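Coordinate analysis (summary)
Here is what each chain is made of, one letter per residue.
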Amino acid sequence: KVLEFLQKHDAARVLQSCFKQGSAAQRDALMGSIKGEARNLARSHYGHFLLISIVRHGTAAHKQLVVSELKGHVAELLVHAEGSAIVQLLYTDVANGKAQRDEMYRELWGKLELFGPGATKMSSLGQLFATDPLCKDRVLRRLEVLISKASRKGLAVTALVQRAVAELLVHGTQAQRAELVGLFRESGVHIMHTRDGARIAAGVLRHGDAKDRKALLKAMKGYVSPTAQSPNATLVLCVALEAVDDTVLLGKGVLSELIADVATLALHPQGTLPLLSLLAPRSPRYFTPEQLEALGELDPAASKKDPARRRAELLKQCRHRHRVRGGGDGAH
């Protein structure tokens, strides 16, 4: 009666505790009772909690059994209220390294049988499109639909969705980018401390209009120094300093807080990067290849102001704000 009990809110809680507190033999017996039902349980309002208990307290074999049963259903569950929670845990806590996470991500592209040879070993849209350019429109459209569904249901902050959004901001059409910017200009600040979240926030700054950029920078107010000390989010500040045309806005919203804490940031491995992005923009001496890749390609069409002029205006504001704070003319 295990499957029947998992549809009742009180009985489902009992079975969760049974799995958590039970012996190895009892846990195995419960796993046998739900064999072949992982997909249905992942979509069940009460049943999915047993899967969460398995992910948190089960053995590696138990967890991999859940992964194997949900293989082929990742895209479907990603836009399901209960299923997305299971996919998130499997992707972040259970996946056996990068290879298994890549395998889950590839399910979002569609049926791999439709792609060119080698698709089963690819980890990014760039690799896929370089091998099979004809699939680009179809894959981008599929990702757009998935992301839109996830966003409408409040599920757009899961790790797999973030990865898809970050890639779509790079490879998508202008219309697709504009839609994503509108979806993430408010929430970008809340996810930019992850690798893909930072790529999304940077994409908002790079592809958004003045209103979009202002919304994201405004959300950072009061948190610029902690942001600069985050390994991923600090790169968002670097993109802001090289992509936002409104240097007055940058001065009030970003530079003022950087200068206020410059003594700390100048000695911090990540905190130095926004400062160095002004002093030595994108210099491989200070930025690693991984960081330069995360910054993305410079898009001349995304900014109307000459980069040299923007940098000169920002450095002038830095000197001014440092003098106002009593740093003197030579301290900068």
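The structure we're discussing is the one just above.
Here the structure is a predicted model, which means the values were calculated and not measured. (Residues numbered from 1 in each chain as written. Predicted model: local features only at pLDDT ≥ 70, side-chain atom pairs only at ≥ 80, totals over all residues. Heavy atoms only, no water.)

1. A look at the overall build of the chain
Secondary structure summary: the chain contains 23 helices and 0 strands in total. Its C-alpha atoms put the chain at 80 × 45 × 35 Å along the principal axes. When the 332 residues of the chain are sorted by exposure, 49% land in the buried category. The contacts of the chain with a sequence gap of at least 6 include a subset with a gap of at least 24, amounting to 64%. Split by element, the accessible area of the chain, about 16700 Å² in all, is 54% carbon and sulfur. Side-chain charges of the chain comprise 47 positive and 33 negative groups, with the mean position of each set lying 3 Å from the other. (Helix = DSSP H or I, 4+ residues; strand = E, 2+ residues; numbered from the N terminus. Buried < 20%, exposed > 50% of the residue type's maximum accessible area, 1.4 Å probe, protein only. Contact = heavy atoms within 4.5 Å. Areas by Shrake-Rupley, 256 points an atom, 1.4 Å probe, with all protein chains shown as cover. Lys, Arg positive; Asp, Glu negative; His and termini not counted. Charge placed at Lys NZ, Arg CZ, Asp CG, Glu CD.)

2. Some points on the side chain of Asp 132
Structurally, Asp 132 is set in the loop between helix 10 (125-131) and helix 11 (136-152). Of the buried charged residues, Asp 132 lacks a salt bridge, with Arg 138 as the closest side chain of opposite charge at 5.1 Å. Sequence-distant contacts of Asp 132, that is, excluding residues within four places in its chain, are made with Leu 114, Phe 115 and Gly 116. (Salt bridge = Lys/Arg side-chain N within 4 Å of Asp/Glu carboxyl O.)

3. Re the layout of surface pockets
Of the voids in this model, the largest pocket is the one considered here, and its volume is about 870 Å³. Surrounding the largest pocket, 34 residues form its lining, Glu 167, Arg 195, Asp 196, Arg 199 and Glu 293 being those nearest its centre. Listed by contribution, the elements that provide at least two residues to the lining of the largest pocket are helix 8 (83-94), helix 9 (98-106), helix 12 (159-171), helix 15 (195-207) and helix 22 (289-295). Of the residues forming the lining of the largest pocket, the biggest block, 8 residues, is contributed by helix 12. (1 Å grid on protein atoms, 1.4 Å probe; cavity = no way out; pocket = protein on both sides within 12 Å on 5 of 7 lines; lining within 4 Å. Points joined across faces, edges and corners; volume = space filled by probe spheres on them.)

4. Regarding the pattern of salt bridges
Per the stated rule, a full pass over the model turns up 15 salt bridges. Measuring nitrogen to oxygen at the nearest pair gives 3.0 Å for the salt bridge that ties Glu 103 to Lys 71. With Glu 103 in helix 9 and Lys 71 in the loop between helix 6 (60-70) and helix 7 (74-78), this residue pair connects regions lying 32 residues apart in the sequence. Using a relative accessible area of 29% as the deciding quantity, one classes Glu 103 as partly exposed. As a salt-bridge pair, Arg 309 and Glu 313 come within 3.0 Å of each other at their nearest N and O atoms. Of the two residues, Arg 309 and Glu 313 are both situated in helix 23 (residues 307-324); the distance of 4 residues between them amounts to about one turn of the helix. Exposure remark for Arg 309: the relative accessible area of 51% places this residue in the exposed category. Bridged by salt links that share partners, the residues Glu 167, Arg 195, Asp 196 and Arg 199 form one connected network.

5. Overview of the packing of aromatic side chains
Inspection of every chain in the model, using the stated rule, returns 1 aromatic pair. Each ring, one from Tyr 105 and one from Trp 109, has its centre 5.6 Å from the other, and the planes form 80°; the classification is edge-to-face. Judged by its relative accessible area of 1%, Trp 109 is buried. Taking NZ or CZ as reference, Arg 27 lies 5.3 Å from the ring centre of Phe 19, over its face. (Phe/Tyr/Trp six-rings, centres within 6.5 Å; stacked < 30°, edge-to-face > 60°. Lys NZ or Arg CZ within 6 Å of the ring centre and 35° of its normal.)

6. Digging into the environment of Lys 221
In this fold, Lys 221 is placed in the loop between helix 16 (210-219) and helix 17 (224-228). Assessed through its relative accessible area of 63%, Lys 221 is described here as exposed. Residues Lys 221 and Glu 257 lie 36 residues apart in sequence; the distance between their C-alpha atoms is 8.5 Å.

7. Quick word on the environment of Ala 150
Tracing the sequence through the fold places Ala 150 in helix 11. Separated by 89 residues in sequence, Ala 150 and Ala 61 have C-alpha atoms that sit 30 Å apart. Setting aside its immediate chain neighbours within four residues, Ala 150 contacts Val 79, Leu 155, Ala 156 and Val 161.

8. What to know about the environment of Leu 298
Inspection of the secondary structure assignment puts Leu 298 in the loop between helix 22 and helix 23. Residues Leu 298 and Val 239 lie 59 residues apart in sequence; the distance between their C-alpha atoms is 9.2 Å. Residue contacts for Leu 298: discarding those within four places in its chain leaves Glu 242 and Arg 282.

9. Some points on helix 16
Of all the positions in helix 16, only Asp 212, Arg 213, Ala 215, Leu 216 and Leu 217 are classed as buried. Those residues of helix 16 hidden inside the fold are in contact with helix 13 (174-184), helix 14 (188-191), helix 15, helix 18 (233-243) and helix 19 (247-260). Regarding helix 16, its N-cap is Asp 209, as a side-chain oxygen of that residue lies 3.1 Å from the backbone nitrogen of Lys 211 further along. (Polar contact = N/O pair within 3.5 Å; in protein donor to acceptor, adjacent residues only side chain to side chain.)

10. Some remarks on the packing of helix 13 against helix 15
Where helix 13 meets helix 15, the closest approach of the two axes is 9 Å, and the angle between their N-to-C directions is 120°. Taken together, the axes of helix 13 and helix 15 lie oblique to each other. Where helix 13 crosses over helix 15, the two elements pack in a sense that is left-handed. Packed against helix 13, whose contacting residues are Arg 177, Val 181 and Phe 184, the element helix 15 presents Ile 200, Gly 203, Val 204 and His 207 at the interface. Within the contact of helix 13 with helix 15, the residues separate by chemical class into 4 nonpolar, 2 polar and 1 charged. (Axes fitted to C-alpha atoms, helices over the stretch in contact; angles between N-to-C directions. Parallel < 35°, antiparallel > 145°, perpendicular 65-115°, else oblique. Left-handed = near helix turned anticlockwise from the far one by under 90°. Nonpolar A, V, L, I, M, F, W, Y, C, P; charged D, E, K, R; others polar.)

11. Digging into the state of the cysteines
Counting across every chain of the model gives 0 disulfides. In this structure Cys 318 is a free cysteine whose sulfur lies 13 Å from that of Cys 238, the closest cysteine sulfur available. (Disulfide = S-S within 2.5 Å.)

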